[in-house]
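# Geometric and topological summary
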Amino acid sequence: MSRSAEIGPSSSPVTADDLDLAVQLALAVLRKAPPAAWDGKAGSLEWDRWETVEHLSDDLFAYAAQLGPRTPPMDSEVPFVWESRRPGGPANAIHADRKAGPVGLLQVLEASGALLVAMVRTTPPQVRAHHVFGISDPEGFAAMGLVETLVHTHDLAQGLGLDWNPPADLCSRVLARLFPNTPGATDSWPTLLWATGRAELPGRPRLTTWRWDGTPRA
């Protein structure tokens, strides 16, 4: 998967189309994994690959749900029950039916992504909703879904031995929206991996703690 040589953050907004593209690109890569490959670890995560796809699906669903009420809560998440199915596993509201196999697991991911894409497209831009990293707007939730998709597909591809090199313009827009203080003279995909604690940059060690800023643009 090729991408441009774009360097530095972009001032263009993150859109529902950006998120839709990222989810479809991720699905195209993950569908290459053999059916027996989903029990191993996802890159540096403590979750297995099946759990990581469930977690990503849950993120996308949760962001869509947060925008769903006519008056979204400002101080808490919409109170779905998030629970782990094993000690140390991700606490999700979304779990895929194991009997459906990897095909069903990826359908859950695609459906959850489509929910967030639809909510970002149809929610007025002035709407605000709660997130633990700051009250955000529909573009912010699109950017959160985008960064979750890009970096967790990286985790999965690492574990599965698959190539994942997403388009630079998607990475650049995520950096501008959620990580505005990251280095501006480095390639956007490695910079996003650095900003999310997954890689080093020249002269900059791998981060052990990190967070994004989801608050709306001025």
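A quick note: this is a predicted structure, and the numbers were derived from the prediction, not measured. (Residues numbered from 1 in each chain as written. Predicted model: local features only at pLDDT ≥ 70, side-chain atom pairs only at ≥ 80, totals over all residues. Heavy atoms only, no water.)

## Considering the nonpolar core
Ranked by size, the top nonpolar core spans 57 residues in total, and within it W38, F179 and L192 carry the most contacts. Mapped by element, the contributors of at least two residues to this core are α1 (16-30), α2 (49-66), α3 (101-122), α4 (138-160), α5 (168-178) and α6 (188-195). Here this core takes 11 residues from α4, the largest share from any one element. Excluding residues within four positions of it along the chain, L192 makes contact with V147, L150, V151, C171, V174, L175 and F179. (Core = buried A, V, L, I, M, F, W, Y, C linked by side-chain atoms within 4.5 Å. Buried < 20%, exposed > 50% of the residue type's maximum accessible area, 1.4 Å probe, protein only. Helix = DSSP H or I, 4+ residues; strand = E, 2+ residues; numbered from the N terminus. Contact = heavy atoms within 4.5 Å.)

## Considerations on the confidence of the model for the protein
Interpretation of this model should avoid reading the predicted coordinates in detail wherever pLDDT is low. Across the protein, pLDDT averages 93, with 95% of residues at or above 70. Low confidence marks residues 1-8, where pLDDT is under 50. Its contacts with residues over four positions away, or in another chain, come to 28 contacts. (pLDDT = per-residue confidence, 0-100.)

## Notes on the packing of aromatic side chains
According to the stated counting rule, one finds six aromatic pairs in the structure shown. Seen in terms of ring centroids, F179 and W210 are 6.4 Å apart; in terms of plane orientation they differ by 50°. Their pairing is tilted. One end of the pair, F179, is in the loop between α5 and α6; the other, W210, is in the segment after α6, and 31 residues separate them in sequence. We classify F179 as buried; its relative accessible area is 5%. Judged by relative accessible area, W210 falls into the partly exposed class, the value being 34%. (Phe/Tyr/Trp six-rings, centres within 6.5 Å; stacked < 30°, edge-to-face > 60°.)

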